[in-house]
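Each chain, written out:
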Amino acid sequence: MKQEWILCQQQQRVRTLTLNRPEVRNALSNDCLEQLVQHLEQADTDIGTGAIIITGSQRCFAAGADLKELQQQTVATAITDRRPQLWQRLNNISKPIIAAVNGYALGAGCELSLACDLVICGESARFGLPEITLGLMPGAGGTQRLIRSVGKALASQMIFTGEAIDAHQALQAGLVSEVCIDNLTLKRAQQIANRISEFSPLALRAAKAALRTAHETSLSQGLSAERQHFIALAGTTDRQEGISAFLEKRNPTFKGC
């Protein structure tokens, strides 16, 4: 019988995916990561879903990769590992993803939060990349995404020392957008997701693509991509509906076309 490590809940237009491996603090084994990616891909193609939340437990978001898997890994198996492809599939999700983080987000758990579009965390949250303490280094985007989020100085300190930062340090550094009391973390993420999911799916997809371009390329390339997305939206029904609704002082009805 296949173990279900991801719990899925749909409320209106928001899909919430909960990591559910409490016995290993939600460690992201390959099979667990694949289940998560499959759920994300299903949500991405579901017209009834406008935004996605990834969360863990009150005490732990995800404490890293599965060390038992890593212990058995050789150079040969590392080369052929399916894990990089799973992370790439996660990166290809076109809908907004919000991480709702309480407790530890370490190693692959921190990398998962970095791969999301925005992060809401509780006061108990701790973000870190402790791979250096195991004779390793981050290998799922940690070195690349962290430095783009918090800058060279803090990223280097976190990666070279393996030390974690707390919720308020993460907020100050720009790793998270809001800090809540732990009991309200998921509720706040759902409020934001509900607001996001009200808007045009086409506009959201275009905005996410433009933001990703800004994260990965030069300013001139980003400006060019932004303009192309803006022009493409000019031919959509949703754009016309949004403008008409504003002028007519009513709520818009977006249909994704």
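Rules of the game
- Residues numbered from 1 in each chain as written.
- Predicted model: local features only at pLDDT ≥ 70, side-chain atom pairs only at ≥ 80, totals over all residues.
- Heavy atoms only, no water.
- Buried < 20%, exposed > 50% of the residue type's maximum accessible area, 1.4 Å probe, protein only.
- Helix = DSSP H or I, 4+ residues; strand = E, 2+ residues; numbered from the N terminus.
- Arc of directions from axis to C-beta.
- Contact = heavy atoms within 4.5 Å.
- Patch = residues over 30% accessible without salt bridge, like charges linked within 9 Å, V, L, I, M, F, W, Y side chains within 5 Å.
- Areas by Shrake-Rupley, 256 points an atom, 1.4 Å probe, with all protein chains shown as cover.
- Salt bridge = Lys/Arg side-chain N within 4 Å of Asp/Glu carboxyl O.
- Axes fitted to C-alpha atoms, helices over the stretch in contact; angles between N-to-C directions.
- Parallel < 35°, antiparallel > 145°, perpendicular 65-115°, else oblique.
- Left-handed = near helix turned anticlockwise from the far one by under 90°.
- Nonpolar A, V, L, I, M, F, W, Y, C, P; charged D, E, K, R; others polar.
- Core = buried A, V, L, I, M, F, W, Y, C linked by side-chain atoms within 4.5 Å.
- Pairing = 2+ DSSP bridges.
- 1 Å grid on protein atoms, 1.4 Å probe; cavity = no way out; pocket = protein on both sides within 12 Å on 5 of 7 lines; lining within 4 Å.
- Points joined across faces, edges and corners; volume = space filled by probe spheres on them.
- Disulfide = S-S within 2.5 Å.

Student: Could you clarify how one ought to interpret helix α6 (residues 142-150) in this entry?
Tutor: Residues three or four positions apart in an α-helix share a direction because the helix packs 3.6 residues into each turn. Along α6, the residues classified as buried are Gly 142, Arg 145, Leu 146 and Val 150. Seen along its axis, α6 keeps its buried residues to an arc of 105 degrees; they face one direction. Buried residues in α6 make contact with α4 (83-91), α5 (108-115), α7 (152-161) and α8 (167-173). Within two residues after α6, Gly 151 carries a phi angle of roughly 95 degrees, on the positive side.

Student: Would you take a moment to explain a nonpolar patch on the surface for this structure?
Tutor: Residues Ile 243, Phe 246 and Leu 247 make up a contiguous nonpolar surface patch of about 360 Å² in total accessible area. One can find Phe 246 in helix α12 (residues 237-247).

Student: Just to check I follow, could you spell out the packing of α6 against α7 for this structure?
Tutor: When two helices pack together, their arrangement is given by the angle between their axes and by how far apart the axes lie. Running from N to C, α6 and α7 point in directions that differ by 140 degrees, and their axes come no closer than 7 Å. Taken together, α6 and α7 sit at an angle that is classed as oblique. The handedness of the crossing between α6 and α7 comes out as right-handed. Across the interface between the two elements, Gly 142, Thr 143, Leu 146, Ile 147 and Val 150 of α6 pack against Lys 152, Leu 154, Ala 155, Met 158 and Ile 159 of α7. When grouped by side-chain class, the residues that make up the contact of α6 with α7 number 7 nonpolar, 2 polar and 1 charged.

Student: What am I meant to see in the pattern of salt bridges here?
Tutor: Pairing is possible between side chains that carry opposite charge, provided their charged atoms lie close to one another. Throughout the structure, instances matching the rule amount to 6 salt bridges. A salt bridge links Arg 250 to Glu 241, with the shortest nitrogen-to-oxygen separation between them at 2.7 Å. Each of Glu 241, Glu 248 and Arg 250 takes part in salt bridges that share partners, so that together they form one network.

Student: When you look at the nonpolar core in this model, what are you seeing that I'm missing?
Tutor: The tendency in soluble globular proteins is for nonpolar side chains to be buried side by side. Counting residues in each nonpolar core, the largest one holds 45 residues, and the members touching the most others are Leu 36, Leu 40, Val 101, Leu 112, Phe 127, Leu 146 and Leu 175. Sequence-distant contacts of Leu 36, defined by excluding residues within four places in its chain, comprise Ile 6, Leu 17, Leu 19, Ile 54, Leu 90 and Leu 112. Judged by nonpolar contacts, the second largest core, of 12 residues, contains Ile 53, Cys 180, Ala 189 and Ile 196.

Student: I'm lost on the packing of helix α1 (residues 30-45) against α4 in this one. Help?
Tutor: Remark: α1 packs on α4, axes separated minimally by 9 Å, with the N-to-C direction vectors making an angle of 25 degrees. Overall, the two elements α1 and α4 adopt an arrangement that is roughly parallel. Viewed along their axes, α1 and α4 form a crossing whose handedness is left-handed. Side by side, α1 and α4 meet where Asn 30, Leu 33, Glu 34, Leu 36, Val 37, Gln 38, Leu 40 and Glu 41 of the first sit next to Arg 83, Leu 86, Trp 87, Arg 89 and Leu 90 of the second. The class makeup of the residues in the contact of α1 with α4 is 7 nonpolar, 2 polar and 4 charged.

Student: Help me understand the sheet that holds strand β3 (residues 51-55), please; the structure alone is not making it clear to me.
Tutor: Strand pairs in the sheet, formed through backbone hydrogen bonds, run parallel or antiparallel to each other. The 6 strands lie next to each other as β1-β2-β3-β5-β7-β10, forming an open sheet whose pairing is mixed. Each edge of the sheet is formed by a strand with only one pairing partner; in this case those strands are β1 (6-11) and β10 (178-180). Strand-to-strand twist of the sheet, defined as the mean angle between neighbouring strand axes without regard to direction, takes the value 20 degrees.

Student: Sorry if this is basic, but what is going on with empty space enclosed by the protein here?
Tutor: Sizing a probe to match a water molecule and rolling it over the atoms shows the empty space that remains. Evaluation of the coordinates by the stated rule reveals 1 cavity of 30 Å³ or more. One number sums up the size of the largest cavity: a volume of about 50 Å³. When grouped by side-chain class, the residues that make up the lining of the largest cavity number 3 nonpolar, 3 polar and 3 charged.

Student: It is not clear to me how the layout of surface pockets should be interpreted in this structure. Could you clarify?
Tutor: Put simply, the second largest pocket is a space of about 800 Å³. Leu 114, Ala 115, Cys 116, Asp 117 and His 215 are, among the 30 residues lining the second largest pocket, the residues nearest its centre. Contributions of two or more residues to the lining of the second largest pocket are made by α4, α5, β7 (118-122), α6 and α10 (201-216). Per-element accounting of the lining of the second largest pocket gives the leading share, 8 residues, to α10. For the lining of the second largest pocket, the class distribution of residues is 16 nonpolar, 8 polar and 6 charged.

Student: Even after reading the chapter, I still don't get the state of the cysteines, so can you show me in this structure?
Tutor: Cysteine pairs can be linked by a disulfide, which is a covalent bond between their two sulfur atoms. Enumeration according to the criterion identifies 0 disulfides in this entry. The thiol of Cys 116 is unpaired, and the distance to the nearest cysteine sulfur, on Cys 110, comes to 11 Å. Given the relative accessible area of 8%, Cys 116 is considered buried. Looking at the unpaired Cys 180, the closest cysteine sulfur is the one in Cys 121, lying at 7.5 Å. Among the residues examined, Cys 180 registers a relative accessible area of 12% and is labelled buried.

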